[in-house]
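# Notes for the structure review
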Amino acid sequence: MHFDTESVTDETPLGDGGLELESLSIAELVMQLDNHGVEFSDEEMEKLPAMTFGEFAEEAARRAAAK
């Protein structure tokens, strides 16, 4: 995945109007996190496009710290 990260803020949506991540991109992102022990269920993955980058980063960090 290659994105222009210069304009991304904590308020940038992962889905519509932001990074425009589609289900395949979300799945790839979650698979990369899974390689590091951070897991999201299929049901949770469906909700990720509605999150902001900051919300997602906080949740991934919380899960990483809990493992």
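One structure accompanies this document, and this report is about it. (Residues numbered from 1 in each chain as written. Predicted model: local features only at pLDDT ≥ 70, side-chain atom pairs only at ≥ 80, totals over all residues. Heavy atoms only, no water.)

### As for the packing of aromatic side chains
- Inspection of every chain in the model, using the stated rule, returns one aromatic pair.
- When the ring of Phe 40 is compared with that of Phe 56, the centres are 5.7 Å apart and the planes differ by 25°; the resulting orientation is stacked. A residue pair is termed long-range when its members are at least 10 positions apart, and Phe 40 in the loop between α1 (23-34) and α2 (42-47) and Phe 56 in helix α3 (residues 53-66) qualify at 16 residues. As far as burial versus exposure is concerned, Phe 40 and Phe 56 are alike and both buried.
- Above the ring of Phe 40, the side-chain terminus of Arg 63 is found at 4.1 Å from the ring centroid. (Phe/Tyr/Trp six-rings, centres within 6.5 Å; stacked < 30°, edge-to-face > 60°. Helix = DSSP H or I, 4+ residues; strand = E, 2+ residues; numbered from the N terminus. Buried < 20%, exposed > 50% of the residue type's maximum accessible area, 1.4 Å probe, protein only. Lys NZ or Arg CZ within 6 Å of the ring centre and 35° of its normal.)

### Some thoughts on the nonpolar core
- Core analysis: the largest hydrophobic core is formed by 13 residues, its most contacted members being Phe 40 and Leu 48.
- Elements supplying a minimum of two residues to this core: α1 and α3.
- Of the residues forming this core, the biggest block, three residues, is contributed by α1. (Core = buried A, V, L, I, M, F, W, Y, C linked by side-chain atoms within 4.5 Å.)

### Quick notes on α3
- With 14 residues, α3 should reach 20 Å at 1.5 Å per residue; the first-to-last C-alpha distance of 20 Å fits that figure.
- Taken together, the buried positions of α3 are occupied by Gly 54, Phe 56, Glu 59, Ala 60 and Arg 63.
- Among the structural elements, α1 and α2 are those in contact with the buried residues of α3. (Expected span 1.5 Å × (residues − 1). Contact = heavy atoms within 4.5 Å.)

### Here we look at unusual backbone geometry
- The backbone phi angle of Glu 20 is positive, close to 60°, even though this residue is not glycine.
- Here Glu 20 lies in the segment before α1.

### Structural notes on the side chain of Glu 59
- One can find Glu 59 in helix α3.
- Note on Glu 59: relative accessible area 18%, which makes it buried.
- Polar side-chain contacts of Glu 59 include one of 2.5 Å to the side chain of Arg 62.
- Beyond its immediate sequence surroundings of up to four residues, Glu 59 is in contact with Phe 40 and Met 51. (Polar contact = N/O pair within 3.5 Å; in protein donor to acceptor, adjacent residues only side chain to side chain.)

### As for a negative patch on the surface
- A grouping of Asp 10, Glu 11, Glu 55 and Glu 58 is seen on the molecular surface, where their side chains present a negatively charged patch.
- Residue position: Glu 58 is located in helix α3. (Patch = residues over 30% accessible without salt bridge, like charges linked within 9 Å, V, L, I, M, F, W, Y side chains within 5 Å. Areas by Shrake-Rupley, 256 points an atom, 1.4 Å probe, with all protein chains shown as cover. Salt bridge = Lys/Arg side-chain N within 4 Å of Asp/Glu carboxyl O. Lys, Arg positive; Asp, Glu negative; His and termini not counted. Charge placed at Lys NZ, Arg CZ, Asp CG, Glu CD.)

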